[in-house]
Amino acid sequence: MPAPWDLPDFDAHESVHLFDDPKTGLRAVIAIHSTHLGPAAGGTRFWHYADQQAALTDALRLSRGMSYKNAMAGLPAGGGKAVILADHKYSKPQELLDAFARAVDSLGGRYITAQDVGMSEDDMVTLSKNTRHVAGLPGQGGDPGPYTARGVYLGVKAAAKRALGADDVRGVHIAIQGVGSVGGGLARYLAADGAKLTLADVNADRAAALAAELGAQTVASDSIISVEADIFSPCALGAILTETSVAGLKVKAVAGGANNQLATAAQGQQLADRGIVYAPDYVINAGGIINVLRHIDNADDTAINGRIDTIPGRLHQIWEESDASGHTPAQVADRMAKNLIGR
């Protein structure tokens, strides 16, 4: 496996930490991209990767995304991310979580962890018994999903305005990929506003149950990206916007909650060339981290929701600068974020 700094996604990370504890079976990566604005903050992902390099690449991409996300959200935090390499059974014994908590604690507060895919609020409580560098605990915001969903909902409405000239989403057809905490919450917001929804999830039963509740349609998870709709909203895992999938899109906008949606930077240009409005993922999905890091300045729900309310304005600013500069929305957002973190 190549060294971290030889990987395309290294991007001048401040540090990358590899943890291997044979006694508990823990194998984990904690990537710290930037602490320019404050401690590196970002969730822990518990996932079964094809190989160790895939896990390392995911950590690098996600931590860089957190730097940009936290900066663009105006938070006093840098960016970091952790991944725990799960076995094929996704077993998560107590001793493994304890070992990971000690790994987080060994960094002395340079990294603050929180929930992500495969890690629950209960897991955060467990980690907090061995390290205080945990965000999103009960009484400190808890599950970030509903807050992320609200921010994405506001961003989808902004994308509908930008791409369709629509003042609301009534009758707007939105295809949602992934209907877990974020995608499911988004679907409920949109259904309440009268949007037409097509849903998909790797858990087909979950998608079917939500569709029955909301009066939506469902398709197979591997075909949602090619559905003819107004807006495609990816709310599952990242890197789904590839050269092939973008070429097959039949929508006017892409606006969703998944992290790292662009497989490569080239897909940002490909979307622009096709005239498809793109909402940079780390801008539209910032609601969760805004909520999770509330303890930094003791913000309450009113303040948190006020910060989330700024997401549409930030997206419109990016799109307007994109028009003026000729750069893609992804390039504009990256430049804004890099300026904020001093790069």
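Residues numbered from 1 in each chain as written. Predicted model: local features only at pLDDT ≥ 70, side-chain atom pairs only at ≥ 80, totals over all residues. Heavy atoms only, no water.

**Overview of the overall build of the protein chain**
- When you go through the protein chain residue by residue, the secondary structure sums to 13 helices and 12 strands.
- Against the globule reference of 20 Å for 343 residues, the protein chain gives a C-alpha radius of gyration of 19 Å, in line with a compact fold.
- With respect to the three principal axes, the spread of C-alpha positions in the protein chain is 55 × 45 × 45 Å.
- Here the protein chain holds 343 residues, and 55% of them are scored as buried.
- In the protein chain, the share of contacts with a sequence separation of at least 24, taken over all contacts with a separation of at least 6, comes to 65%.
- Accessible surface computed for the protein chain: about 13,900 Å², of which carbon and sulfur atoms make up 49%.
- Here the protein chain contributes 30 positive and 37 negative side-chain charges, whose respective centroids are spaced 1 Å apart. (Helix = DSSP H or I, 4+ residues; strand = E, 2+ residues; numbered from the N terminus. Rg over C-alpha atoms; globule rule 2.2 N^0.38 Å. Buried < 20%, exposed > 50% of the residue type's maximum accessible area, 1.4 Å probe, protein only. Contact = heavy atoms within 4.5 Å. Areas by Shrake-Rupley, 256 points an atom, 1.4 Å probe, with all protein chains shown as cover. Lys, Arg positive; Asp, Glu negative; His and termini not counted. Charge placed at Lys NZ, Arg CZ, Asp CG, Glu CD.)

**Digging into helix 13 (residues 329-340)**
- Between its terminal C-alpha atoms helix 13 stretches 17 Å, which fits the 16 Å expected from 12 residues at 1.5 Å a residue.
- Among the residues of helix 13, those classed as buried are Pro329, Ala330, Val332, Ala333, Met336 and Ala337. The buried residues of helix 13 occupy an angular sector of 165 degrees when the element is viewed end-on, so they sit on one face.
- Buried residues along helix 13 sit against helix 1 (52-72), strand 12 (277-278), helix 9 (281-284) and helix 12 (311-325).
- Phi turns positive one or two residues past the end of helix 13, at Gly342, with a value near 75 degrees. (Expected span 1.5 Å × (residues − 1). Arc of directions from axis to C-beta.)

**Here's the deal with empty space enclosed by the protein**
- Enumeration according to the criterion identifies one cavity of 30 Å³ or more in this entry.
- Space inside the largest cavity adds up to approximately 50 Å³.
- Taken together, Leu62, Gly65, Met66, Lys69, Asn259, Asn260, Asp281 and Tyr282 make up the lining of the largest cavity.
- Every element with two or more residues in the lining of the largest cavity is listed here: helix 1 and helix 9.
- The leading source of residues in the lining of the largest cavity is helix 1, at four residues.
- Of the residues contributing to the lining of the largest cavity, the split by class is three nonpolar, three polar and two charged. (1 Å grid on protein atoms, 1.4 Å probe; cavity = no way out; pocket = protein on both sides within 12 Å on 5 of 7 lines; lining within 4 Å. Points joined across faces, edges and corners; volume = space filled by probe spheres on them. Nonpolar A, V, L, I, M, F, W, Y, C, P; charged D, E, K, R; others polar.)

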